[in-house]
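# Topology and contacts: notes
Listed below are the residues making up each chain.
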Amino acid sequence: MHWADSIATALSHRGDKHVIASGITPSGEFHIGHLREILTSDIIKRACQALELDTEFVFFVDDADPLRKVYSFLDDSYEQYIGHQLANIPPPDANGAPDHDRFSKGISYARHFLEAFIEALNAIGVEIDEVIYNYDAYQSGKFAEASRTACNQADAIREVIERVSGRELDDDWFPWNPIDAKGSIDGIRITGWDDPIVSWIDSDGNAGRSDVTKGEGKLPWRVDWPAKWVWRGVTMEPFGKDHGAAGGSYDTGKEICRLLGKEPPYPTTYEWISLKGVGAMSSSTGVVIGPLEALDLVPPEIIRYLITRNKPNRHIDFDTGSALIELADEYQKKLSDLENGPGEWSELSRRQQVAWEKLKAQLLYSQIDPASTPQVASKRVTFRHLALLAQIRSEDANVWASLQRSELIDGDPTGDLPRRLDLMRAWIASPHFPEGFRLRIQTEIGDGAKENIDERDVGYLEALCKGLSDCKWESQEINAIICNEAKDRDISLRDAFQTLYWIALNQDFGPKLANILEEMDRESVLNLLQMAIDELSP
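Here the residue numbers are simple positions, counted from 1 along each chain's written sequence. Owing to the predicted nature of the model, reporting of local features is limited to residues with pLDDT of at least 70; listing and counting of side-chain atom pairs is limited to 80 or more, with chain, interface and lining totals taken over all residues. Neither water nor hydrogens contribute to the side-chain values; these are computed over all heavy atoms in the structure.

### Quick look at the overall build of the protein
- Helix and strand definitions here come from DSSP, where helices need a minimum of 4 consecutive H or I residues and strands a minimum of 2 consecutive E residues; each element is numbered from the N-terminal end. Broken down by element type, the protein carries 23 helices and 13 strands.
- Over its C-alpha atoms, taken along the principal directions, the protein stretches across nearly 95 × 65 × 45 Å.
- When a residue's accessible area, from a 1.4 Å probe over protein chains only, is under 20% of the maximum for its type it is buried; when over 50% it is exposed; and in between it is partly exposed. For the protein, the residues scored as buried account for 52% of the 538 residues in total.
- Only heavy atoms matter for contacts: two residues are in contact if any of them lie within 4.5 Å across the pair. Sequence separation of 24 or more characterises 70% of the internal contacts of the protein that already satisfy a separation of 6 or more.
- Per-residue and other accessible areas follow the Shrake-Rupley method at a 1.4 Å probe size, with only the shown protein chains counted as cover for residues. Total accessible area on the protein is roughly 24,300 Å²; 45% of this is exposed by carbon and sulfur atoms.
- Counted as positive: Lys and Arg. Counted as negative: Asp and Glu. His and the chain ends are not counted at all. A charged residue contributes its charge at one atom only: NZ of Lys, CZ of Arg, CG of Asp or CD of Glu. Side-chain charges in the protein split into 57 positive and 89 negative, and the spacing between the mean points of these groups amounts to 5 Å.

Have a look at this one:
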């Protein structure tokens, strides 16, 4: 059973109406790591709907949270806004400075960063039933009852947090963070509570009063989270492994939730998505691959497949290099497997039947439209082959002509193939395209080749010229000639291919050489080989 189906089944035992939640703090650029939580929720929602459960998906935007520090992408002038709520801070302009003009038009710091993320969610097929801005929810009284209950049970909540987390709270801790006269929630000390009014003194010694029912502040995170569950009726929410750790926010949250009068939601802990070779992605540090940036590289189905093929508790390294090409080709192969069918069902073992059902679910949940059936389009044209053609053929028409000659497509391209080619060209033009797949077809012998081939290669190159001059111009035949001529001269295949890579690409590695040569015209290949022979001849 697919992991989402298992969770949906567990939820069905708790009732037939569910609210699945996800949330995010818009402190900076969103990255593909944020998609794990959102897509996990979206996939579970689809699984619940398949069981005919009445299911909503709500998305909390934590714009009532304060700006914690001046991040590296911000101008130093943001120092004045530290401690201010993200909904009340101007967005950065292109230089990272506060953009007061856009702020006057209703674009806050939070909404500035959220816009592109929502665009990416739409592109990737995520259907959110309600976007909840926390700042507005506090202002409109949605948190009022939970806030009053929390403040009235301050001692009980303190006991839960200290006992469960093992962390001792400050003597003046209170489950409410008021806003001072300057708009900051930092450095304020609570001096009294008279339901629904909190009395306080700010860092400058100024006294004030805040009404918790009117959003004049916010609950601290460990109380704010269960308060959301309570007022919105959340029954399921995925969360990162930091929140799911022993003594973490979920452990304290589930007890606080009960103090506030509700049962906590069904838990699902997910692992991080890291940028391979860099580490965990973070909006605040700038270690990011944005969702829209990722969608400029591969079709959105591949991004969904990345999430649906892995259980939430499995770590994912997002690799924009060769592994992403391999992932795309794996997805395409599974689509082909699905189209071919499992064979005679009664002859499959129980393990094989389970694997087949899992494969179907992975592909179904990868689709942008939840009502669509996975379709195999251009299944014989792999991303790996398309990467090669897109670099050798600058005109789309020449790419299609090559695929037609290879009998990989019949007639004009159909389905998603034109879109895939557009994405591949964008990927090649980006800094994320893997160097191992990048081609620099030579028209003369490069400096690297001159340094790495010598006169001992002349006989081999002359034999290749002869063999390639009248062979059938296809990759299998070309590869056979390269290998056979090397074996006849006791040249290792590794040395032979490195020599030819130097001549063709001016580097000692690359995609499958025979495929590259096949896409070059015969005369160009023979000219390069002859130039190498001439370079080495006395």
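There's more to say after this.
### Re helix H23 (residues 522-536)
- Helix length check: H23, at 15 residues, gives a terminal C-alpha distance of 22 Å against a target of 21 Å (1.5 Å per residue), a fit within 8%.
- Contacts made by the buried residues of H23 are with helix H19 (458-469), helix H21 (493-505) and helix H22 (513-519). A helix is expected to span 1.5 Å for every residue after the first.

### Quick word on the pairing of strand E9 (residues 236-240)
- Of all five residues in E9, five are buried, a share of seventy percent or more.
- Side-chain alternation along E9 places Met236, Pro238 and Gly240 on one buried face and Glu237 and Phe239 on a second face that is also buried.
- Strands were regarded as paired on the criterion that DSSP finds at least two bridges between them. Pairing analysis gives five bridges linking E9 to strand E10 (residues 266-270), with the strands arranged parallel. Each bridged residue has a counterpart across the sheet, and for Met236 the counterpart in E10 is Tyr266.

### A look at the environment of Ala181
- On the secondary structure map, Ala181 appears in the loop between strand E4 (177-178) and strand E5 (189-194).
- You can call Ala181 exposed: its relative accessible area is 79%.
- For the pair Ala181 and Asp202, spaced 21 residues apart in the sequence, the C-alpha separation amounts to 8.6 Å.

### Re the sheet that holds strand E6 (residues 197-201)
- Taken in spatial order, the three strands line up as E5-E6-E7 in an open sheet, and their pairing is antiparallel. With partners counted over all chains shown, the strands left at the sheet margins are E5 and strand E7 (207-211), one partner each. With direction set aside, neighbouring strand axes in the sheet form an average angle of 25°.
- Pairing between E5 and E6: five bridges, direction antiparallel. The residue of E6 that forms the bridge with Gly192 is Ser199. For every element, the axis is a line fit to its C-alpha atoms; helices are fit only across the contacting stretch, and the angle between N-to-C directions ranges from 0 to 180 degrees.

### Regarding the nonpolar core
- Buried Ala, Val, Leu, Ile, Met, Phe, Trp, Tyr and Cys residues form a nonpolar core when they are joined through side-chain atoms within 4.5 Å. Core analysis: the largest hydrophobic core is formed by 119 residues, its most contacted members being Ile303 and Leu461.
- When residues of this core are assigned to their parent elements, the largest contribution, eight residues, is made by H21.
- Not counting residues within four places of it along the chain, the set of residues in contact with Ile303 comprises Ile32, Leu35, Leu39, Ile124, Ala294, Leu295, Val298 and Phe318.
- Membership of the second largest hydrophobic core comes to 38 residues, among which are Phe143, Ala154, Ile161 and Cys257.

### Structural notes on the packing of aromatic side chains
- Ring geometry is summarised as follows: Phe, Tyr and Trp rings, the Trp one being its six-membered ring, pair when their centres sit within 6.5 Å, and such pairs are stacked at plane angles under 30 degrees, edge-to-face over 60 and tilted between the two. Within this structure, the stated rule accounts for 21 aromatic pairs.
- With centroids separated by 5.9 Å and ring planes inclined at 70°, the aromatic side chains of Phe73 and Phe113 adopt a geometry described as edge-to-face. Of this pair, Phe73 sits in the loop between strand E2 (54-61) and helix H3 (100-104) while Phe113 is found in helix H4 (residues 109-123), placing the two residues 40 residues apart along the sequence.
- A ring pair is formed by Tyr138 and Trp176, whose centres lie 6.1 Å apart and whose planes are at 70°; its orientation type is edge-to-face. Of this pair, Tyr138 sits in helix H5 (residues 134-139) while Trp176 sits in the loop between helix H7 (154-165) and E4, and the two are 38 residues apart along the sequence. There is no split in this pair, since Tyr138 and Trp176 are both buried.
- Counting every residue linked through ring pairs, the aromatic cluster contains Tyr71, Phe73, Tyr78, Tyr81, Tyr109 and Phe113.
- Lying over the aromatic face of Tyr133, Arg111 brings its terminal NZ or CZ to 3.7 Å of the ring centre.
- In this scheme, Lys NZ or Arg CZ marks a charge over a ring once it lies within 6 Å of the ring centre and within 35 degrees of the ring normal. Sitting over the face of the ring of Phe383, Arg420 holds its NZ or CZ atom 4.5 Å from the ring centroid.

### Some words on the state of the cysteines
- Two cysteine sulfur atoms make up a disulfide if the distance between them is within 2.5 Å. Counted according to the given criterion, the structure contains zero disulfides.
- Cysteine Cys465 remains unbridged, with the sulfur of Cys471 as its closest cysteine sulfur at 12 Å.

### Describing the pattern of salt bridges
- Throughout this description, the term salt bridge denotes a Lys or Arg side-chain nitrogen within 4 Å of a carboxyl oxygen of Asp or Glu. Applying the stated rule across the entire model yields 34 salt bridges.
- One salt bridge connects Asp224 with Lys228, and the closest N-O pair in it is separated by 3.2 Å. One end of the pair, Asp224, and the other, Lys228, are both in helix H8 (residues 221-232), four residues apart, so they sit about a helical turn from each other. The burial state of Asp224 is the same as that of Lys228; both residues are buried.
- Between Arg419 and Asp416 there is a salt bridge, and its shortest N-O distance comes to 3.8 Å.
- You can call Asp416 partly exposed: its relative accessible area is 22%.
- In the salt-bridge network here, residues are joined through shared partners; they are Asp62, Asp65, Lys218, Asp224 and Lys228.

### A look at helix H17 (residues 417-429)
- Between its terminal C-alpha atoms H17 stretches 18 Å, which fits the 18 Å expected from 13 residues at 1.5 Å a residue.
- Residues Leu417, Arg420, Leu421, Leu423, Met424, Trp427 and Ile428 constitute the buried set of H17. Down the axis, H17 shows its buried residues gathered within 165° of arc, on one side only. Directions pointing from the helix axis toward each C-beta atom define the arc.

### Observations concerning the confidence of the model for the protein
- On a range of 0 to 100, pLDDT expresses the predictor's confidence in each residue. The pLDDT averaged across the protein works out to 91; a share of 96% of its residues lies at or above 70.
- Segment residues 283-287 is flagged for pLDDT under 50; beyond a separation of four residues in sequence, or across chains, it makes 17 contacts in the model.

### Details of the side chain of Asp457
- Inspection of the secondary structure puts Asp457 in the loop between helix H18 (447-452) and H19.
- Not counting residues within four places of it along the chain, the set of residues in contact with Asp457 comprises Thr499 and Leu536.

### Looking at the packing of H19 against H23
- Direction vectors running N to C along H19 and H23 enclose 160°, while the axes themselves pass 10 Å from each other. As far as their axial angle goes, H23 and H19 are roughly antiparallel. Considering only the axes of H19 and H23, their crossing is left-handed. Across the interface between the two elements, Val458, Leu461, Glu462, Leu464, Cys465, Leu468 and Ser469 from H19 touch Arg522, Val525, Leu526, Leu529, Gln530, Ala532, Ile533 and Leu536 from H23.
- The residue classification treats Ala, Val, Leu, Ile, Met, Phe, Trp, Tyr, Cys and Pro as nonpolar and Asp, Glu, Lys and Arg as charged. All others, Gly included, are polar. A per-class count over the contact of H19 with H23 returns eleven nonpolar, two polar and two charged. Oblique is the label for any angle not covered by the other classes, which are roughly parallel (under 35 degrees), roughly antiparallel (over 145) and roughly perpendicular (65 to 115). Take the far helix as the reference: if the near one is turned anticlockwise from it by less than a right angle, the crossing is left-handed, and if turned clockwise, right-handed.

### Looking at the packing of H19 against H21
- Interaxial distance between H19 and H21 falls to 12 Å at its minimum, and their mutual angle equals 75°. Taken together, the axes of H19 and H21 lie roughly perpendicular to each other. Seen from H19, the contacting residues are Tyr460, Leu461 and Leu464; seen from H21, they are Ala496, Thr499, Leu500 and Ile503.
- Taken together, the residues of the contact of H19 with H21 sort by class into six nonpolar, one polar and no charged.

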